[in-house]
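Next come the chains, spelled out residue by residue.
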Protein chains: 2
Amino acid sequence: MIKYVKEFTKEMHRISESTIHRLSLYYRTLVGLQRERHITVSSRELAKRNKFTPAQVRKDLSFFGSFGTRGLGYPVSELKDKIASILGLNKTWNVALVGVGNVGSALVSYKEFSRQGFIIKKVFDNDQRKIGKNHKGILVSDVRYLARELKEDKIEIVIIAVPASEAQKVVAEVVSAGVHTILNFAPTNLKVPGNVVLRTVNMAMELEHLSFALTKRGRIKEL
Amino acid sequence: MIKYVKEFTKEMHRISESTIHRLSLYYRTLVGLQRERHITVSSRELAKRNKFTPAQVRKDLSFFGSFGTRGLGYPVSELKDKIASILGLNKTWNVALVGVGNVGSALVSYKEFSRQGFIIKKVFDNDQRKIGKNHKGILVSDVRYLARELKEDKIEIVIIAVPASEAQKVVAEVVSAGVHTILNFAPTNLKVPGNVVLRTVNMAMELEHLSFALTKRGRIKEL
């Protein structure tokens with residue numbers, strides 16, 4: 001087992017951002033397959049349900065060693081558990097949210113988080129009218145004590161949902177508290193030290209994929 | 001000019017999802033550079049600000065022909081405008097939002113959308129208590145008339161923010177109205193015809209990148 005973990009950890013370095021994204025999608029497909037009472041699944045079926053090529057699926061799953069069986073495919077439940085263990089979905093994580101404005105407020109009640117083990121333990125804001133009040137079942141703390149409280153509550157992941165102009169300051173506090181994994185919803189480029197993992201979700205950027213597609217279509221029609 | 005457009009449209013087919021994502025990031029960097037009064041920018045600087053390699057930046061920008069000057073770099077304003085034109089950010093788009101729950105409500109007031117030209121013209125819901133009422137300056141329409149109103153209002157992009165169980169039904173209506181670009185916030189895999197461009201934003205999946213990073217670190221420490 002130790003040998004397996006060691007080898008696996010070596011492999012984990014080679015897993016790219018886009019592989020992680022695809023693993024998240026496979027995980028969701030496998031949950032669905034289990035619900036539909038499938039015992040095994042072929043790389044073809046996994047590919048089809050996610051619009052990837054079977055070769056891509058086989059390559060991604062090769063990280064787990066050769067445990068798919070030719071002709072039979074992969075055992076659904078086992079593969080689901082392996083992916084969950086890699087993505088850290090087989091445990092719960094202590095999450096704090098900074099900023100209870102429109103976006104922050106929606107995130108507090110986003111059920112998918114707790115369903116996947118991401119438990120929002122603390123929320124922070126700088127608005128005196130919100131501090132000390134109950135917000136959807138969670139007491140709003142004063143952002144002035146952010147670093148101290150992140151440590152006390154053993155927070156592992158921080159979600160930033162403050163205005164763009166405030167976000168870099170929050171990052172500094174979060175990093176000083178020793179939290180090195182940040183999900184940012186502020187529409188701005190944040191600077192973080194090399195040992196910090198930062199993901200930024202910019203919802204306008206998602207729409208730009210669509211306006212690109214529309215622009216492309218428009219151009220093709222013009223020809 | 002026509003020749004340029006034709007060649008360019010040919011090129012657009014080769015632009016991948018991840019290239020579009022990087023173009024969105026370059027665009028934001030260029031807006032920042034312009035604000036800082038830079039006239040030109042090197043591929044090295046563009047790379048550094050986005051944590052890409054200079055080779056990646058040069059490859060991405062090669063789509064626009066050879067207009068960077070060796071030693072001087074790219075003209076900031078011109079490059080920004082070219083990227084805006086490709087991403088469709090040099091015009092406005094008519095957007096409709098379906099579902100004014102927690103997430104939908106946050107999206108209505110997400111200022112970055114209108115700043116980039118995505119104008120939410122209509123919002124729909126199935127809750128009788130919301131229909132006919134003003135929601136943050138927009139009248140909430142009855143989702144029963146979705147297809148008809150999407151056509152009447154010449155909606156080009158639909159954002160879906162309904163519960164997972166309702167989302168596929170909404171897709172059918174949207175597609176029947178001839179809208180072929182959808183941004184989905186419902187945490188579910190949606191099926192769409194081949195000519196529809198669908199992007200799904202799953203905020204829990206973003207967190208999984210972070211729990212993966214934490215899991216990896218934990219494993220490495222154990223060794």
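Residues numbered from 1 in each chain as written. Chains lettered and ligands numbered in written order. Predicted model: local features only at pLDDT ≥ 70, side-chain atom pairs only at ≥ 80, totals over all residues.

Visitor: Would you explain the overall build of chain A in this entry?
Guide: Of the regular secondary structure elements, chain A holds 10 helices and 9 strands. The principal-axis extents of the C-alpha atoms in chain A amount to approximately 60 × 60 × 35 Å. Put simply, chain A has 223 residues, and 38% of those count as buried. Across chain A, contacts joining residues at least 24 apart in sequence account for 58% of those joining residues at least 6 apart. (Helix = DSSP H or I, 4+ residues; strand = E, 2+ residues; numbered from the N terminus. Buried ≥ 20, exposed ≤ 12 C-beta atoms within 10 Å, placed from the backbone. Contact = placed C-beta atoms within 7 Å.)

Visitor: Any chance you could explain the relation of the copies chain B and chain A here in plain terms?
Guide: Both copies of the chain are related by one operation, a rotation about an axis with a shift along it. It takes a turn of 180° to lay chain B on chain A, together with a shift of 0.0 Å along the axis; the resulting RMSD is 0.0 Å. On the angle and the small slide along the axis, the relation comes out as a two-fold axis. No C-alpha of chain B lies nearer the rotation axis than that of Ala-106 of chain B, which sits 3.2 Å from it. (Least-squares fit on C-alpha atoms with pLDDT ≥ 70 in both.)

Visitor: Would you mind showing me how to read the pairing of strand 8 (residues 181-184) of chain B here?
Guide: Put simply, side chains in a regular strand alternate between the two faces of the sheet. Residues and elements named next belong to chain B. Alternating residues of strand 8 divide into Thr-181 and Leu-183 and Ile-182 and Asn-184, and every residue in both groups is buried. Of the strand pairs in this sheet, strand 7 (residues 157-160) and strand 8 are connected by 3 bridges, and their pairing is parallel. Residue pairing in the sheet places Val-158 in a bridge with Ile-182 of strand 8. Viewed along the sheet, the connection from strand 7 through helix 9 (residues 164-176) into strand 8 turns out right-handed. (Pairing = 2+ DSSP bridges. Right-handed = clockwise from strand over helix to strand, strands pointing away.)

Visitor: Looking at this structure, I do not really get the interface of chain B and chain A. What am I missing?
Guide: How big an interface is tends to be stated in terms of accessible area lost as the parts join. In this assembly, 51 residues from chain B lie in contact with 51 residues from chain A. Only helix 1 (2-12), helix 2 (17-35), helix 5 (76-87), helix 6 (102-108), helix 7 (111-115), strand 8, strand 9 (197-200) and helix 10 (203-222) of chain B provide two or more residues apiece to the side of chain B that touches chain A. Looking at the side of chain B that touches chain A, its residues break down into 28 nonpolar, 13 polar and 10 charged. (Nonpolar A, V, L, I, M, F, W, Y, C, P; charged D, E, K, R; others polar.)

Visitor: What should I look at first to understand the domain arrangement of chain A in this one?
Guide: The domain architecture assigned to chain A consists of domain 1 (2-87) and domain 2 (93-205). Centre-to-centre, using C-alpha coordinates, domain 1 of chain A lies 31 Å away from domain 2 of chain A. (Domains from an automatic or database assignment.)

Visitor: How should I be thinking about the sheet that holds strand 5 (residues 134-135) of chain A in this particular structure?
Guide: The pairing of strands in a sheet happens through backbone hydrogen bonds and is either parallel or antiparallel. Read across the open sheet, the 7 strands follow the order 5-6-4-3-7-8-9 (chain A); overall the sheet is mixed. Unpaired on one side and paired on the other, strand 5 and strand 9 (197-200) of chain A mark the two borders of the sheet.

Visitor: Just to check I follow, could you spell out helix 9 (residues 164-176) of chain A for this structure?
Guide: Residue and element names in this part refer to chain A. Among the residues of helix 9, Ala-167, Val-170, Val-171 and Val-174 are the ones counted as buried. Summarising the contacts, the buried residues of helix 9 are in contact with strand 3 (93-98), helix 8 (146-152), strand 7 (157-160) and strand 8 (181-184). At the exit of helix 9 stands Gly-178, carrying a positive phi of roughly 85°.

Visitor: For this particular structure, what's the right way to read helix 4 (residues 54-61) of chain B?
Guide: Owing to its 3.6 residues per turn, the α-helix brings residues three or four apart onto one side. Residues and elements named next belong to chain B. The set of residues buried in helix 4 consists of Val-57, Asp-60 and Leu-61. Projection of helix 4 onto a plane perpendicular to its axis shows the buried side chains occupying an angular sector of 90°, all on one side. Summarising the contacts, the buried residues of helix 4 are in contact with helix 2, helix 3 (43-50) and strand 2 (74-75). (Arc of directions from axis to C-beta.)

Visitor: Explain the sheet that holds strand 3 (residues 93-98) of chain B here, please?
Guide: With mixed pairing, the 7 strands of this open sheet are ordered in space as 5-6-4-3-7-8-9 (chain B). In this open sheet, the two edge strands, each paired with only one partner strand, are strand 5 (134-135) and strand 9 of chain B.

Visitor: What's the story with the nonpolar core in this structure? I'm lost.
Guide: Note on soluble globular proteins: their nonpolar side chains tend to be buried together. Ranked by internal contacts, the top residues of the largest apolar core, which has 100 residues, are Val-98, Val-158 and Ile-160 of chain A together with Val-98, Val-158 and Ile-160 of chain B. The residues touching Ile-160 of chain A, leaving out its near neighbours within four places in the chain, are Val-98, Gly-99, Ala-167, Val-170, Ile-182, Asn-184, Phe-185 and Ala-186 of chain A. Counting 19 residues, the second-largest nonpolar core is a separate cluster that includes Leu-30, Val-57, Tyr-74 and Val-76 of chain B. (Core = buried A, V, L, I, M, F, W, Y, C linked by C-beta atoms within 7 Å.)

Visitor: Please clarify how the packing of helix 2 of chain B against helix 5 of chain B should be interpreted in this entry.
Guide: The relative placement of two packed helices comes down to the angle between their axes together with the axis-to-axis distance. Residue and element names in this part refer to chain B. Two elements in contact, helix 2 and helix 5, have axes whose closest approach is 9 Å; the angle formed by their N-to-C orientations is 145°. The two elements helix 2 and helix 5 meet at a crossing, and its hand is left-handed. Contacts from Leu-23, Ser-24, Tyr-26, Tyr-27, Leu-30, Val-31, Leu-33 and Gln-34 of helix 2 reach helix 5 at Val-76, Ser-77, Leu-79, Lys-80, Ile-83, Ala-84, Ile-86 and Leu-87. When the residues that make up the contact of helix 2 with helix 5 are grouped by side-chain class, the tally is 12 nonpolar, 3 polar and 1 charged. (Axes fitted to C-alpha atoms, helices over the stretch in contact; angles between N-to-C directions. Left-handed = near helix turned anticlockwise from the far one by under 90°.)

Visitor: What is the right way to look at unusual backbone geometry in this model?
Guide: With the exception of glycine, the majority of residues adopt a negative phi angle, and the majority of peptide bonds are in the trans configuration. One non-glycine residue, Lys-136 of chain A, adopts positive backbone phi at about 50°. Positive phi outside glycine occurs at Arg-37 of chain B, with the angle close to 65°.

Visitor: In this structure, what is going on with the environment of Ser-114 of chain B? I would like to understand it.
Guide: Mapped onto the elements, Ser-114 of chain B comes out in helix 7. Linking Ser-114 of chain B and Val-95 of chain B, residues 19 residues apart in sequence, is a C-alpha distance of 10.0 Å.

Visitor: Sorry if this is basic, but what is going on with the environment of Ala-164 of chain A here?
Guide: Residue and element names in this part refer to chain A. The residue Ala-164 is located in helix 9 in this model. The class of Ala-164 is partly exposed, set by 14 C-beta atoms lying within 10 Å. Measuring from C-alpha to C-alpha, the distance between Ala-164 and Pro-187 comes to 5.7 Å, with 23 residues separating the pair along the chain. Ignoring any residue separated from it by four or fewer positions in sequence, one finds Ala-164 in contact with Ala-186, Pro-187 and Thr-188.

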